[in-house]
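So you can see what is in the structure, the chains are spelled out below.
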Amino acid sequence: SYRLESWMKGSHETLISAEQISERVVELGAQIRADHGDEEITLIGVLKGSILFMADLARAIPGDVQLEFLGVSSYMGTKSTGQVRITHDLSADITGRNIVLVEDIVDTGLTLKFLIRTLNQRNPKSLRVVTLLDKPAHRSNQVQVDYVGFKIPDAFVIGYGLDLDQRYRNLPSIEVFTPVTD
Ligand code: 5GP
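This structure is a prediction, so every number in the text was calculated from the model and none was measured.

Caption draft 1: Just the overall build of the chain, in detail. If you tally the helices and strands in the chain, you get three helices and ten strands. When the helices and strands of the chain are read in sequence order from the N terminus, they spell out β-β-α-β-α-β-β-β-α-β-β-β-β. Each of the 182 residues in the chain was classed as buried or not, and the buried ones make up 49%. Restricting the contact set of the chain to residue pairs at least 6 apart, pairs at least 24 apart contribute 66%. Surface accessibility of the chain: about 9,300 Å² in total, with carbon and sulfur atoms responsible for 49%.

Right under this line is the structure:
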């Protein structure tokens, strides 16, 4: 653990390095392709947290891949509000498509439960879920996740797309964040 730069307001410690992430992403991409044969895959990234993961994952899946984005708002600061709403909808009709929903982290499962219900209403051919991080400690909504990058302990993590009040998404590794109060 070390002191953050002056623009940061806490301490952080690497949980998953950039190298570990890139190795795992390659494995996930190969597995996702294998499970879909040579069929077209539409990745749906959940904004904003999953975009770094999505960008790397897309490059790890060979063949026919399309990218879509869905914005949801469900989390404020370090505490879940328990509310999910769409802030940015898909730009395409997903009827009959093979969907892989790309999440950054599944915590309580509330967001994912909402997204699975919402996407299934649009009649895709298939719907699978990949999450970079699985934090099962506070899972109150039972959701099926097909692919998990890393299972993590009960901690607030930042980096590789994950934020604290919109900051730190640009860190290349996953870090456990501990606020510092002077
Ligand atoms: P859930 O609905 O499963 O409780 O929470 C999912 C969302 O909460 C994630 O997409 C993410 O935006 C946010 N979230 C949950 N845990 C963490 C965390 O440890 N760090 C960050 N930065 N966001 C989290």
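Caption draft 2: Structural detail: the site of the ligand. Surveying the vicinity of the ligand reveals 16 residues, the closest of which are Asp104, Thr108, Thr111, Val157 and Asp163. Contact between the ligand and Val157: a nitrogen atom at 2.7 Å from a main-chain N or O atom of the residue. A distance of 2.6 Å separates a nitrogen atom of the ligand from a polar backbone atom of Asp163. Looking at the shell around the ligand, the elements with two or more residues in it are strand E6 (98-106) and helix H3 (110-120). Counting residues per element, the shell around the ligand draws most heavily on E6, which supplies four residues. Classifying every residue of the shell around the ligand by side-chain character gives eight nonpolar, three polar and five charged.

Caption draft 3: Structural view of the pattern of salt bridges. Considering all chains together, one arrives at six salt bridges under this definition. For the salt bridge of Arg24 with Glu27, the shortest nitrogen-to-oxygen distance reads 2.7 Å. Remark: Glu27 and Arg24 occur in helix H1 (residues 18-35); sequence separation between them is three residues, near one turn of the helix. Notably, a salt bridge pairs Glu39 with Lys125, separated by 2.9 Å at the nearest N-O pair. Linking Glu39 in the loop between H1 and strand E3 (41-47) with Lys125 in the loop between H3 and strand E7 (126-134), this pair joins segments that are 86 residues apart in sequence. Take Glu39: its relative accessible area is 33%, and that puts it in the partly exposed class.

Caption draft 4: Region of the structure containing the side chain of Thr42. Among the structural elements, Thr42 can be located in strand E3. Judged by its relative accessible area of 0%, Thr42 is buried. Those residues within four positions of Thr42 in sequence are excluded, and the remaining contacts are Gln66, Glu68, Arg97, Asn98, Ile99 and Val100.

Caption draft 5: Region of the structure containing unusual backbone geometry. Cis geometry marks the peptide bond from Leu47 to Lys48; its omega dihedral reads -10°. Residue placement: Lys48 occurs in the loop between E3 and helix H2 (51-60). With phi around 55°, Asn123 is a residue other than glycine that occupies positive phi space. Here Asn123 is to be found in the loop between H3 and E7. We classify Asn123 as exposed; its relative accessible area is 51%. In this structure, Tyr160 takes a positive phi of about 50° despite not being glycine.

Caption draft 6: Molecular detail of H1. Its 18 residues place the ends of H1 26 Å apart at the C-alpha level, agreeing with the 26 Å of an ideal helix rising 1.5 Å per residue. For H1, the set of buried residues is Ile21, Val25, Leu28, Gly29, Ile32 and Arg33. Across the axial projection of H1, the buried residues extend over an arc of 130°, all falling on one side. More than 90 degrees from the buried face of H1, the exposed residues found are Glu19, Glu23, Val26 and Ala34. Just beyond H1, the residue with positive phi is Gly37, at close to 55°.

Caption draft 7: Representation of the nonpolar core in the model. In terms of nonpolar packing, the biggest core is built from 28 residues, with Phe53, Leu57, Val130, Leu133 and Ile174 touching the most fellow members. Sorting the residues of this core by element identifies H1, E3, H2, E6, E7, strand E8 (147-151) and strand E10 (174-179) as the ones contributing at least two each. Residues within four places of Leu57 in sequence aside, it is in contact with Val25, Leu28, Gly29, Ile32, Val102 and Val130. Membership of the second largest hydrophobic core comes to 17 residues, among which are Ile44, Leu70, Ile94 and Phe114.

Rules of the game
- Residues numbered from 1 in each chain as written.
- Predicted model: local features only at pLDDT ≥ 70, side-chain atom pairs only at ≥ 80, totals over all residues.
- Heavy atoms only, no water.
- Helix = DSSP H or I, 4+ residues; strand = E, 2+ residues; numbered from the N terminus.
- Buried < 20%, exposed > 50% of the residue type's maximum accessible area, 1.4 Å probe, protein only.
- Contact = heavy atoms within 4.5 Å.
- Areas by Shrake-Rupley, 256 points an atom, 1.4 Å probe, with all protein chains shown as cover.
- Near = heavy atom within 4 Å.
- Polar contact = N/O pair within 3.5 Å; in protein donor to acceptor, adjacent residues only side chain to side chain.
- Nonpolar A, V, L, I, M, F, W, Y, C, P; charged D, E, K, R; others polar.
- Salt bridge = Lys/Arg side-chain N within 4 Å of Asp/Glu carboxyl O.
- Expected span 1.5 Å × (residues − 1).
- Arc of directions from axis to C-beta.
- Core = buried A, V, L, I, M, F, W, Y, C linked by side-chain atoms within 4.5 Å.

Worth remembering: the numbers are spatial, not functional.
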